[in-house]
Amino acid sequence: MRKETKYVSYLDYEGQYKGIFGWIFSTDHKRLGLLYLYAIALFFFVGAILGLTMRVELATPGETIMKAQAYNGVFTVHGVIMIFMVVIPGLSAVFGNFFLPLMIGAKDVAFPKLNRLTWWILIAGSILAIASQFLREGPPDTGWTFYAPYSTKTGTSVIIATTAAFVLGFASILTGLNFIVTIHRLRAPGMKFFNMPLFPWALYAASWIQLLATPVVGITLVMLIFERLFGIGFFNPDLGGDPILFQHLFWIYSHPAVYIMILPAMGVITEVIPTFCQRRIYGYKAIAISSLAIAAVGFFVWGHHMYTSGMSEQARWFFSLLTFIVAVPSAIKVFNWIATMYRGSINLQAPFLYALFFIFLFIIGGTTGLILGAVAPNVQVHDTSFVVAHFHYIIFGGMGFAFFSGLHYWFPKMYGRMYNLKAANWGAIILFIGFNLLYFPQFIIGYQGMPRRYYDYLPQFQWAQTISLIGGIILFIGFFVMVGNLVRGAKKGAIAPANPWNGTTLEWTVPSPPPVENFDEDPIIKSDPYDYK
Amino acid sequence: MFSNASNFVQGVDMAFAIIVGISLFFLITLTGTMIYFVVRYDHKKHPEARQIKDNKWMEATWITIPLILVLYMFYIGWEGFIPMRQAPKDAMQITAIGKMWKYEFQYEGNKVSDTLVIPINKAVKISLKSVDVLHGFSVPSFRIKEDMVPVKDNYTWFIPGELGDFDLFCTVYCGLNHAYMHSIVRVVPEDQFNEWVAYLPEKNADAENPGYKVMEKNGCFACHNTTGTRLVGPSFKGIYGRKIKVMTDGVARELIGDDSYVETSIYEPNKDISDGYPANIMQSYKNSINKEDMKLIQEYIKTLK
Ligand SMILES: [Cu+2]
Ligand SMILES: [Cu+2]
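Values in this document were obtained by computation on a predicted structure and should not be read as measured data.

Broken down by element type, chain A carries 16 helices and zero strands. Compactness check: chain A gives a C-alpha radius of gyration of 23 Å against a globular reference of 24 Å for 533 residues, within 12% of the reference. Taken along its principal axes, the extent of the C-alpha atoms in chain A is 70 × 50 × 45 Å. In chain A, which comprises 533 residues, the share counted as buried stands at 67%.

Have a look at this one:
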């Protein structure tokens, strides 16, 4: 059911190609944003089902539903899908593509054709990753970290899985490149860097990491592939290689990768809070600059993943200190968000509710990161389920809830229709409860010593595994409530006005859904993008 | 307040408690403030938002306070850690060897055990080695953990302060039976320890056979043994001359164990799959075992009748 509009919206536009080809051959950043959304939602669903099967397996000690080899494959593929196919592209590919040009008053990204190619690369990489499941050698069983020398020795399909990650890396690099050029070259006349809204700022910082750090992991994976194919000894000590080198190279990328996903997440939250408080953001400059600070310092903390690998004392000292320093700009953002609520006029709708949950979960994820960053406590919790809980609080509680917040925030703009507001709030509440039940107990047994990546465990940890399973089931119910409501909204929801939340940034000045070329007239640039007067 | 299981419990738990305390303080005050604002400034009660200007001093305070706090937390974390790197010179030396998926502990005089037995109140320094892939050496009750990395000399040390059995876990993922790579650290009174060590057997006589060494280095004994019982893979005992049922490309056939069968089994393990065993578990050793080592292996397996 189409919404009748007086202009041609990007949804109705008929170009050279019709039907589905009008989408997959489209270079319109808005259509690509939706294509990313559908692809990533699908991958997320697959990854989440794998996650749930792990929880079912762990519900009781010993074999519950699968054998150890199958379990090792499941946690590896869960990690590869969730990291490389969901959270790293996630926010920037979906909302970055859709809203970056709109928010800076541009007609499209700088390289629309490259943008289309990037989506195809993502799909190609994803097909490879999923194929690794079904090959004769069996799913890869190395964990998403592909640690050597096990990854150089196992008989499973590591080569194809690492090739997939390599290809997916290109999608990330090209998105980063496209956004950087877009922000530098395509801002509407009159918009300076410090007149930009803060979501573009966050994307800008994240894009630099994508561009600079991703090649490192690409090369590393190629080295691993060469080692397996030709027996070149980079990492396997039997061939004269160094397994610790692999860990360094891997984390030089994979730590900054955390910021690739969390910076845009913070950016979304920074858009949602002022709108629903009807107040200008507190500390605009501090927030903008803290994004850059996180990106810059974040390059030098990777060693905190390797404290127990036998690093020198000096290295542990250095990485721990910088890990603590990088926490400060994140804290600054949290203070500014909460200060923005002060004396606002608060409308507790789903996007804002998700943002509040984000802040709460992000504080837990961040402060447990301090425990991991401190050298002595790290010895106790390293490689335990404490780490698993910590990064799920950051990645899912942080990036995931920010994604849901952004989805509910921009949904009326993307589809021109509205979802049911009450049902959306209920979805958020159920997800929040399920999430905490699922992951919080893992902190406790982690401190007691439950190692991660364990197919089986000692009976004293069972109470927590059971609560986690219940949480996982509630989380799934939450997904169905949320997705059901959104799908219904997209099909038959009430027609949405151009600016349903009374936002001030440029995307709200164009009709919903936006016209093909975004702006029919030149947008008027305000010096403060959050000017509510 | 802290357990006395090892000399590190206090340092680690103290740092942990302080960081958790600071974190909880922020979690509770920030969440409380947030909820208060949401209720107090609800748009129904407070329809007109006040636009508030940035205040430099405010910003400066909430940069400075967290900065001081994180530096403090860094410091206590570091302070709890330093003693872990300062093993006393006269500590008792034990070498722990990780191999897929068990631990072996070597005591003085080439004596080996698969549980770690140690005397109470004496410093022990454990050298950590691995013969195949990465493993972990983690004793949560003692608050110690360090990885076992092939060709790298890592170590850990501690003074046990309580009698009893403590769990030892492998914490670095190492393949199929990672979750079962578990052992016990048994802390006993000193006289009991001395008695136990005296009866500890010396290392397996086969250990000097060059073929055995090659196989040990390549981690074959994680899945195979030499005594005739089944592990993950079949035992090496009596392969030569025996009729063996295998699946070749999905077709069942029978062959007689000989040099060429052993060679194919090692270079192309998925070609002839021994009946009743899973495929794709054993990797190909084409790149790590050369022809000479292959000969040694064959000679050694021949001796296992
Ligand atoms: Cu990290
Ligand atoms: Cu292990």
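What follows picks up the thread again.
Turning next to the coordination of the copper ion (ligand 2). Residue and element names in this part refer to chain B. Taken together, the protein ligands of the copper ion (ligand 2) are Cys170 (SG), Val172 (O), Cys174 (SG) and His178 (ND1), with distances of 2.1 to 2.8 Å. Taken together, the four donor atoms coordinating the copper ion (ligand 2) span angles of 83 to 129° at the metal, a pattern that classifies the geometry as irregular. Within one chain, the residues donating to the copper ion (ligand 2) are spaced in sequence as C-x1-V-x1-C-x3-H. By relative accessible area, which is 1% here, histidine 178 ends up buried.

All names here are of chain A. Within this structure, the stated rule accounts for five cavities of 30 Å³ or more. Approximately 130 Å³ is the volume found for the second largest cavity. Looking at the lining of the second largest cavity, the element that brings in the most residues is helix α7 (residues 158–185), giving six residues. Residues that form the lining of the second largest cavity fall into these classes: ten nonpolar, seven polar and no charged.

All right, on to the sheet that holds strand β12 (residues 251–256) of chain B then. Residues and elements named next belong to chain B. Spatially, three strands are ordered β12-β11-β13 in an open sheet, and the strand pairing comes out antiparallel. Pairing within the sheet leaves two strands with one partner each, and these edge strands are β12 and β13 (272–274). Recorded for the sheet is a direction-independent mean angle of 45° between the axes of neighbouring strands. Taken strand by strand, helix α5 (residues 259–267) contacts β11 (243–248), β12 and β13, and its axis lies near 95° from that of β13.

Here we come to the coordination of the copper ion (ligand 1). Residues and elements named next belong to chain A. Coordination of the copper ion (ligand 1) by the protein comes from His255 (ND1), His304 (NE2) and His305 (NE2), over a distance range of 1.6 to 2.2 Å. All donors to the copper ion (ligand 1) come from one chain, and their sequence spacing reads H-x48-H-H. With histidine 255 in helix α9 (residues 243–277) and histidine 305 in the loop between α10 (284–297) and α11 (313–341), this pair connects stretches of sequence that are 50 residues apart. On the basis of relative accessibility, which here comes to 7%, the residue histidine 255 falls in the buried class.

Residues and elements named next belong to chain B. Tracing the chain through its elements places glycine 136 in strand β6 (residues 135–139). It is 7.1 Å that separates the C-alpha atoms of glycine 136 and phenylalanine 169, two residues lying 33 residues apart in sequence. With residues up to four places along the chain from it excluded, the contact list for glycine 136 reads Tyr103, Glu146, Asp147, Met148, Phe169, Cys170, Thr171 and Val172.

Moving on to the pairing of strand β8 (residues 154–158) of chain B. All names here are of chain B. Burial analysis of β8 places five of its five residues in the buried class, which makes it a mostly covered element. Neither face of β8 is open: one carries Asn154, Thr156 and Phe158, the other Tyr155 and Trp157, and all of them are buried. Two strands pair when backbone bridges link them, and strand β5 (residues 124–130) and β8 are joined in this way by five bridges, in the antiparallel orientation. Within the sheet, the bridge partner assigned to isoleucine 126 lies in β8 and is threonine 156.

Residues and elements named next belong to chain B. According to the domain assignment, chain B contains domain 1 (9–85), domain 2 (92–198) and domain 3 (205–302). Each of domain 1 and domain 2 was reduced to a C-alpha centroid, and the two centroids are 40 Å apart. The junction of domain 1 with domain 2 conceals about 560 Å² of combined surface from both sides, 40% of it contributed by carbon and sulfur atoms. For domain 1, the biggest contributors to the area lost against domain 2 are Val9, Met84 and Arg85; these three give 72% of the whole. Of the charged contacts in the structure, one is a salt bridge between arginine 143 and aspartate 13, with a shortest N-O distance of 2.7 Å. If you look at where domain 1 meets domain 2, you find four residue pairs in polar contact (both at pLDDT 80 or more). Per-class residue counts for the side of domain 1 that touches domain 2 are four nonpolar, no polar and two charged.

What follows concerns the sheet that holds β5(B). All names here are of chain B. In spatial order, the strands read β3-β2-β1-β5-β8; together these five strands make up an open sheet with mixed pairing. Strand pairing shows two members of the sheet lacking a second neighbour, β3 (111–113) and β8, which therefore form its edges. Neighbour-to-neighbour, the strand axes of this sheet turn through a mean angle of 25°, independent of strand direction. Alignment of strand β2 (residues 102–107) against β3, held across three bridges, turns out to be antiparallel. In the strand pairing of β3, glutamine 106 is matched with valine 112.

Let us look at the packing of α7(A) against helix α8 (residues 198–230) of chain A. Residue and element names in this part refer to chain A. Between α7 and α8, the least distance of the axes is 7 Å, while the angle of their chain directions is 155°. Taken together, the axes of α7 and α8 lie roughly antiparallel to each other. As for the relative orientation of α7 and α8, their crossing is left-handed in sense. Per-class residue counts for the contact of α7 with α8 are 20 nonpolar, eleven polar and one charged.

Quick look at helix α4 (residues 90–103) of chain A now. Residue and element names in this part refer to chain A. When the terminal C-alpha atoms of α4 are compared, their 18 Å separation across 14 residues agrees well with the 20 Å that a helix rising 1.5 Å per residue should span. The largest bend in α4 comes to about 55°, at glycine 96. The buried fraction of α4 is high, at 14 of 14 residues.

With that settled, the discussion passes to unusual backbone geometry. All names here are of chain A. A cis amide bond, omega 0°, links alanine 148 with the succeeding residue proline 149. One can find proline 149 in the loop between α5 (112–131) and α6 (150–153). In this chain, serine 512 is followed by proline 513 through a cis amide linkage whose omega measures -15°. Examined against the element boundaries, proline 513 turns out to sit in the segment after α16 (462–492). Even without being a glycine, aspartate 383 presents a positive backbone phi close to 55°. With a relative accessible area of 15%, aspartate 383 lands in the buried category. Phi is positive for asparagine 518, close to 70°, though the residue is something other than glycine.

Scoring rules and cut-offs
Residues numbered from 1 in each chain as written. Chains lettered and ligands numbered in written order. Predicted model: local features only at pLDDT ≥ 70, side-chain atom pairs only at ≥ 80, totals over all residues. Heavy atoms only, no water. Helix = DSSP H or I, 4+ residues; strand = E, 2+ residues; numbered from the N terminus. Rg over C-alpha atoms; globule rule 2.2 N^0.38 Å. Buried < 20%, exposed > 50% of the residue type's maximum accessible area, 1.4 Å probe, protein only. Donors = N, O, S within 2.8 Å, 3.2 Å for Na, K, Ca; no water. Tetrahedral: all angles 85-135°; square planar, octahedral: opposite > 155°, others 65-115°. 1 Å grid on protein atoms, 1.4 Å probe; cavity = no way out; pocket = protein on both sides within 12 Å on 5 of 7 lines; lining within 4 Å. Points joined across faces, edges and corners; volume = space filled by probe spheres on them. Nonpolar A, V, L, I, M, F, W, Y, C, P; charged D, E, K, R; others polar. Pairing = 2+ DSSP bridges. Axes fitted to C-alpha atoms, helices over the stretch in contact; angles between N-to-C directions. Contact = heavy atoms within 4.5 Å. Domains from an automatic or database assignment. Buried area = accessible area lost by both parts, 1.4 Å probe. Salt bridge = Lys/Arg side-chain N within 4 Å of Asp/Glu carboxyl O. Polar contact = N/O pair within 3.5 Å; in protein donor to acceptor, adjacent residues only side chain to side chain. Parallel < 35°, antiparallel > 145°, perpendicular 65-115°, else oblique. Left-handed = near helix turned anticlockwise from the far one by under 90°. Expected span 1.5 Å × (residues − 1). Bend = angle between axes of the 7 residues up to and from the residue.

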